[in-house]
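Single-letter residue listing:
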There are 2 protein chains.
Amino acid sequence: MVVDQVSNAELDRLFQALADATRRDIVARVLTDEYSVSELAAEYAMSFAAVQKHVAVLERASLVAKEKRGREQMVRIHLDGLRRARRLLDDYEEIWQQRVARIDDILAEG
Amino acid sequence: MVVDQVSNAELDRLFQALADATRRDIVARVLTDEYSVSELAAEYAMSFAAVQKHVAVLERASLVAKEKRGREQMVRIHLDGLRRARRLLDDYEEIWQQRVARIDDILAEG
DNA sequence: CTAATCTACAACCAAATGGTTGTAGATCAA
DNA sequence: TTGATCTACAACCATTTGGTTGTAGATTAG
């Protein structure tokens, strides 16, 4: 159960990071391509600093990692975060399935 | 791709709802048992109104549904939300896997 | 060397969030 | 009927969030 393995603060940061359309878009982009922070910034109708903050939020959530290359900072996906979040939701659905199975058993007996 | 099917506002509400430990705990509880709002409230070191608000957030995110029973309001899980959130993360990982496969192909050719 | 580019970070602001208390309407129990 | 219980919701408050502008340090290009 992820619920027990991953700290609440970590999950807070993870889901909080995913709870913004711009940040989800950044994740989707860096999943397939490499972007520097300013290349990302060019994609959105907001300031460079705003995008920089979004990237920082994703970084703190372990969804993304930065790597310095010359004067640029390249943003890459960091799968750990994504996997931890997905695992929690998988666990939830598994708990649900166990409950469904339990109810089926009871009905089969009755 | 969920990214296209589910509105950004919906995903915002979903992940935002999951970005709080109390709300994740409520989800975990109602996955296996039935709780009224006040039964839930009794579990946490905060006011009834605070828990009521948390339930409302989960409800708006389609993670939970309320059903009136007498003077009580029973809180049940509503799988739709959970599945939509999980699907997005699955999509992300699939995109990643495709990228990995693509890179493998390139390496195989080279 | 100088100028342009990329990044980091501080200070500020409006809006949203997560909590509180208080009031009031339904429903149930005695 | 009366009192207790369950819920809803408003008003309020402190903190966080998502945006802005401005300043300054590295690094690259000419």
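In what follows, the accompanying structure is described. No experiment lies behind these values; they were computed from the predicted model shown.

**Notes on the protein's contact with DNA strand C**
Move 1: Within the structure, DNA strand C sits among 21 residues, and Ser38(A), Gln73(A), Ser47(B), Lys53(B) and His54(B) are positioned closest to it.
Move 2: Backbone polar atom of Val37(A) to a phosphate oxygen of DNA strand C: 3.4 Å apart, as the coordinates give it.
Move 3: Between DNA strand C and Lys53(B), the relevant distance is 2.3 Å, taken from a base oxygen to a side-chain nitrogen or oxygen of the residue.
Move 4: Those elements that provide at least two residues to the surface near DNA strand C are helix H4 (37-41), helix H5 (48-60) and strand S3 (72-77) of chain A together with helix H5 (48-60) of chain B.
Move 5: Among the residues forming the surface near DNA strand C, the class breakdown is six nonpolar, eight polar and seven charged.

**Quick word on the pairing of strand S2 (residues 64-69) of chain B**
Side chains on a regular strand alternate between the two faces of the sheet.
Residue and element names in this part refer to chain B.
Move 1: Pairing between S2 and strand S3 (residues 72-77): six bridges, direction antiparallel. Within the sheet, the bridge partner assigned to Lys 68 lies in S3 and is Gln 73.
Move 2: Between S2 and S3, which pair antiparallel one after the other, the connecting turn spans two residues, and Gly 70 there sits at a positive phi close to 65 degrees.

**So, the nonpolar core**
Most often, soluble globular proteins have nonpolar side chains that are buried together.
Move 1: Ranked by internal contacts, the top residues of the largest apolar core, which has 62 residues, are Phe15(A) and Phe15(B).
Move 2: Once you skip the residues sitting within four places of it in the chain, Phe15(A) turns out to touch Ala85(A), Leu88(A), Leu89(A), Phe15(B), Leu18(B), Ala19(B) and Arg24(B).

**Considering the packing of aromatic side chains**
Move 1: Summed over all chains, the structure comprises one aromatic pair over all chains.
Move 2: Judged by centre distance (6.1 Å) and plane angle (20 degrees), the ring pair of Phe15(A) and Phe15(B) falls under stacked. Placement of the pair is Phe15(A) in helix H2 (residues 8-18) and Phe15(B) in helix H2 (residues 8-18), with the two residues belonging to separate chains.

**Quick look at the relation of the copies chain B and chain A**
Move 1: In the superposition of chain B on chain A (RMSD 0.0 Å, axial shift 0.0 Å), the rotation amounts to 180 degrees. Accordingly, the operation relating the two chain copies is best matched by a two-fold axis.

**Details of the protein's contact with DNA strand D**
Move 1: If you check the shell around DNA strand D, you find 21 residues, and the closest are Ser47(A), Lys53(A), His54(A), Ser38(B) and Gln73(B).
Move 2: Near-protein atoms of DNA strand D (within 4 Å) split between backbone and bases, with sugar and phosphate holding 61%.
Move 3: In this structure, Ser38(B) approaches DNA strand D through a main-chain N or O atom, which is 2.6 Å from a phosphate oxygen.
Move 4: Side-chain polar atom of Gln73(B) to a phosphate oxygen of DNA strand D: 2.6 Å apart, as the coordinates give it.
Move 5: Residue assignment for the surface near DNA strand D shows that the elements contributing at least two residues are H5 of chain A together with helix H4 (37-42), H5 and S3 of chain B.
Move 6: Classifying every residue of the surface near DNA strand D by side-chain character gives six nonpolar, eight polar and seven charged.

The rules behind the values
- Residues numbered from 1 in each chain as written.
- Chains lettered and ligands numbered in written order.
- Predicted model: local features only at pLDDT ≥ 70, side-chain atom pairs only at ≥ 80, totals over all residues.
- Heavy atoms only, no water.
- Near = heavy atom within 4 Å.
- Polar contact = N/O pair within 3.5 Å; in protein donor to acceptor, adjacent residues only side chain to side chain.
- Helix = DSSP H or I, 4+ residues; strand = E, 2+ residues; numbered from the N terminus.
- Nonpolar A, V, L, I, M, F, W, Y, C, P; charged D, E, K, R; others polar.
- Pairing = 2+ DSSP bridges.
- Core = buried A, V, L, I, M, F, W, Y, C linked by side-chain atoms within 4.5 Å.
- Buried < 20%, exposed > 50% of the residue type's maximum accessible area, 1.4 Å probe, protein only.
- Contact = heavy atoms within 4.5 Å.
- Phe/Tyr/Trp six-rings, centres within 6.5 Å; stacked < 30°, edge-to-face > 60°.
- Least-squares fit on C-alpha atoms with pLDDT ≥ 70 in both.

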